[in-house]
Every structure is written in C-alpha cells, then in structure tokens.
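Letter by letter, the chains look like this.
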Amino acid sequence: MTTKSLNRATHTIDASDLTLGRLATRVATLLRGKERPSYVPHVDAGGFVHVTNLRRLMISARKIVFL
C-alpha cells in the first residue's frame, strides 16, 4: 500500500455530551486509520477529523483542575 493510493476521508464528530477521554480515543482512532480493514501500523492511512460543539463537551471536576 502506497501513500498515493490512499483516500483520506474527512470525519466530523459532534462532541455534544461526550466525555473528554471518549472523544480523544475516537479522534485518535480515526487519525491513525484503525477503523479501516487495511490498517497496517507502519502506514499513515488516517483521515482528517473535524470536531464540532466543543463547548458542550463534558469534563469532570477532577479533569478541570488539570486544564
């Protein structure tokens, strides 16, 4: 698989009512391309990720201290 033959998809994630950790995991999976059946660790096959509604992201009280 070559980098030129990849179709990089654009993913849009709505962050409303998601927790910070679950959002981070979902974004990291899409950026690495692990949702594709042709995933290989040494090939950058990930897509682009746009996150919307970040103001409605749920952050616990313990996490706010570190931000």
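These numbers come from a predicted model, not from an experiment.

Parameters at a glance
- Residues numbered from 1 in each chain as written.
- Predicted model: local features only at pLDDT ≥ 70, side-chain atom pairs only at ≥ 80, totals over all residues.
- Heavy atoms only, no water.
- Buried < 20%, exposed > 50% of the residue type's maximum accessible area, 1.4 Å probe, protein only.
- Helix = DSSP H or I, 4+ residues; strand = E, 2+ residues; numbered from the N terminus.
- Pairing = 2+ DSSP bridges.
- Right-handed = clockwise from strand over helix to strand, strands pointing away.
- Polar contact = N/O pair within 3.5 Å; in protein donor to acceptor, adjacent residues only side chain to side chain.
- Contact = heavy atoms within 4.5 Å.
- Core = buried A, V, L, I, M, F, W, Y, C linked by side-chain atoms within 4.5 Å.

### With respect to the pairing of strand 1 (residues 10-14)
Burial along strand 1 is one-sided: H11 and I13 are buried, while T10, T12 and D14, pointing the other way, are not. Bridge count for strand 1 against strand 2 (residues 48-52) is five bridges, and the pairing is parallel. Within strand 2, the position partnered with H11 by the bridge is V49. As a crossover connection, the stretch from strand 1 through helix 1 (residues 20-32) into strand 2 is right-handed.

### A word on the side chain of S16
Tracing the backbone shows S16 in the loop between strand 1 and helix 1. A polar contact is formed between the side chain of S16 and the side chain of D14, at a distance of 3.0 Å. At 3.3 Å, the side chain of S16 forms a polar contact with the side chain of N53. Each residue touching S16, except ones within four places of it in the same chain, is listed here: N53 and R56.

### Some details on the nonpolar core
Residues I13, A15, L18, L23, V27, L30 and L57 constitute the largest nonpolar core, which totals seven residues. Sorting elements by how many residues they give to this core places helix 1 first, with three residues. Sequence-distant contacts of L57, defined by excluding residues within four places in its chain, comprise A15, L18, T19, L20 and L23.

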